[in-house]
Amino acid sequence: MPEISRQTLGEFMKRLAQLLLLGALILLPVKGAQAETPQDPIYVKTSNGWNAAYAHGNEYAEFRVIGNGAKLQDTYHILLQKGVGMMVSFVEKKELQNDRDLLSAHAQWEINYWHQHATRVESNIREDLTGTRKDVKVTEIRVYNDKGAQLSSYLIGLAAKDGVFALSLSPAKKDIDPLVKELVSSFKLVPRNLDAEETKRLSSQAKAQH
């Protein structure tokens, strides 16, 4: 996977505007340094979107992208619908400060980064989007530069053995809340290797959904 560089908010806003004009959207650069590079996410087409799996070590995260309008930009970036993009990433446990509460530490890690590069940062835990689950956390983040320009995102974290799998959606707005809930409900950790046999099983499962 190519390294995703950290950018200042000004540079990011400029890049974001360019990509929106092209009808694509790249999300927050949340990828941390990794001791063990995860396999690239894999996607299997279904009758109504994509089934995805992203492995790290001997486990993987699975999630579903609902809707035939969703377009893969590459394995880490998906245009979910017009003007709404998603980035897939994994952050190592060693990057985070709190081993006991990985999800809170992961959200704080991202917020701390933006505090260094933005004029103002606001965050809000969205328990209304996760329901009763404790292995997933949704944080709404809004960052502003000195001109008042705003960049917003939903950061969805899934706790894993060695870190946190993350889905970042931008922009964060009320009308995509149902989409976030669908992603959260399908975002689960599978304690198996994503080997050829497992990949074949996922493919067969997707075909059965057609």
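Because the structure is a prediction, the values reported are computed rather than measured.

Here is what the cut-offs are and how they apply
- Residues numbered from 1 in each chain as written.
- Predicted model: local features only at pLDDT ≥ 70, side-chain atom pairs only at ≥ 80, totals over all residues.
- Heavy atoms only, no water.
- Helix = DSSP H or I, 4+ residues; strand = E, 2+ residues; numbered from the N terminus.
- Buried < 20%, exposed > 50% of the residue type's maximum accessible area, 1.4 Å probe, protein only.
- Contact = heavy atoms within 4.5 Å.
- pLDDT = per-residue confidence, 0-100.
- Pairing = 2+ DSSP bridges.
- Axes fitted to C-alpha atoms, helices over the stretch in contact; angles between N-to-C directions.
- Phe/Tyr/Trp six-rings, centres within 6.5 Å; stacked < 30°, edge-to-face > 60°.
- Lys NZ or Arg CZ within 6 Å of the ring centre and 35° of its normal.

Participant: What exactly am I supposed to notice about the overall build of the protein chain here?
Facilitator: When you go through the protein chain residue by residue, the secondary structure sums to four helices and 11 strands. By the burial criterion, 50% of the 210 residues in the protein chain qualify as buried. Within the protein chain, residue pairs in contact and separated by at least 24 positions form 58% of the contacts whose partners lie at least 6 positions apart.

Participant: What exactly am I supposed to notice about the confidence of the model for the protein chain here?
Facilitator: In low-pLDDT regions, the fine details of the predicted coordinates are not to be read closely. Averaged over all residues, the pLDDT of the protein chain is 81; the fraction at 70 or higher stands at 80%. Least confident of the elements in the protein chain is helix 1 (residues 9-21), whose mean pLDDT is 48; most confident is strand 11 (residues 188-190), at 96. Residue range residues 15-37 is modelled with pLDDT below 50. Its contacts to residues more than four positions away, or to other chains, number 65 contacts.

Participant: Can you walk me through the sheet that holds strand 2 (residues 49-56) in this structure?
Facilitator: Through backbone hydrogen bonds, the strands of a sheet pair up, either in parallel or in antiparallel fashion. Ordered by their spatial adjacency, four strands build an open sheet running 1-2-3-11, and the pairing between neighbours is antiparallel. The sheet terminates laterally at strand 1 (42-46) and strand 11, the two strands that pair on one side only. Going from strand to strand, the sheet's axes swing by 25° on average, the running direction of each strand aside. The strands touched by helix 4 (residues 196-208) are strand 1, strand 2, strand 3 (59-66) and strand 11; relative to strand 1, the strand with the most contacts, the crossing angle is about 20°.

Participant: Can you walk me through the packing of aromatic side chains in this structure?
Facilitator: Given two aromatic rings, one states the distance between the centres and the angle between the planes to describe the pair. If you walk through the whole model with that rule in mind, you get six aromatic pairs. Residues Tyr113 and Trp114 carry aromatic rings whose centres are separated by 4.9 Å and whose planes lie at 70° to one another, so their mutual orientation is edge-to-face. Accessibility expressed as a relative area gives 7% for Tyr113, which makes it buried. Owing to a relative accessible area of 1%, Trp114 belongs among the buried residues under this scheme. An aromatic cluster of three or more residues is present, and its members are Tyr54, Tyr76, Phe90 and Phe165. Across from the ring centre of Tyr144, 4.0 Å away, lies the NZ or CZ of Arg120, which sits over that ring.

Participant: Would you explain the sheet that holds strand 8 (residues 136-144) in this entry?
Facilitator: Reading across from one edge, 4-5-6-10-9-8-7 is the order of the seven strands in this open sheet, with antiparallel pairing throughout. At either margin of the open sheet sits one strand with a lone partner, and together these are strand 4 (71-74) and strand 7 (120-125). Averaged over all pairs of adjacent strands, the angle between strand axes in this sheet comes to 25°, irrespective of strand direction. Taken strand by strand, helix 3 (residues 177-186) contacts strand 5 (77-81), strand 6 (84-92), strand 8, strand 9 (150-159) and strand 10 (163-170), and its axis lies near 20° from that of strand 9.

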